[in-house]
Amino acid sequence: MIRAAILGATGYTAFELIKILLRHPDVEITTLTTRQEGRPHVAAIHPQLTGRLDLALEDLAPETVAARSDCVFSCLPHVASAAAIMKIIDSGVRIIDFSADYRLRDAETYAAWYDHKHPDPDRLGKVVYGLPELFGKEIPAAQLVANPGCYTST
């Protein structure tokens, strides 16, 4: 069983991901994170999940998330995602980043598009882009996968 964690579990992307993972017979969602106070239940955030997943969302350090999981999905916004990934990557867990932080190949292009200096520029250009039609052979062995965005594969 693959233990999955989701960083930034309150948003739409995380909600859709949770629904997909709940259908996977070999995945157990173990950890959902948020910066909200009070450890809200996932059904309080996503009412459509009532009765489908019994977990509270927690404000956890990235290192704690890594210890609870085999695979971490980052649904955090750009910049925040790279900052969290930098703290998790050395733990050896697999990471799939849904933000834009690792999609581009160089820091200058990233800064031009996102008006922010990339927090992990040395990793840019070395991360597998998660489009299986183009990088299907590299994805299974990759520790960090940059998930394609909503329009990049159309």
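Note that the coordinates shown come from a computational prediction; the quantities given were computed from them, not determined experimentally.

Visitor: So, the overall build of the protein: which residues are in play, and what are the values?
Guide: In terms of helices and strands, the protein carries six helices and seven strands. Along the protein, from the amino end to the carboxyl end, the secondary structure elements read β-α-β-α-β-α-β-α-β-α-β-α-β. Over its C-alpha atoms the protein spans a radius of gyration of 15 Å, differing by no more than 12% from the 15 Å that the globule rule assigns to 154 residues. Its C-alpha atoms give the protein principal-axis dimensions of roughly 45 × 35 × 30 Å. Counting the 154 residues in the protein, one finds 42% classified as buried. For the protein, the computed accessible surface area is about 8,600 Å², with 54% contributed by carbon and sulfur atoms.

Parameters and conventions
Residues numbered from 1 in each chain as written. Predicted model: local features only at pLDDT ≥ 70, side-chain atom pairs only at ≥ 80, totals over all residues. Heavy atoms only, no water. Helix = DSSP H or I, 4+ residues; strand = E, 2+ residues; numbered from the N terminus. Rg over C-alpha atoms; globule rule 2.2 N^0.38 Å. Buried < 20%, exposed > 50% of the residue type's maximum accessible area, 1.4 Å probe, protein only. Areas by Shrake-Rupley, 256 points an atom, 1.4 Å probe, with all protein chains shown as cover.

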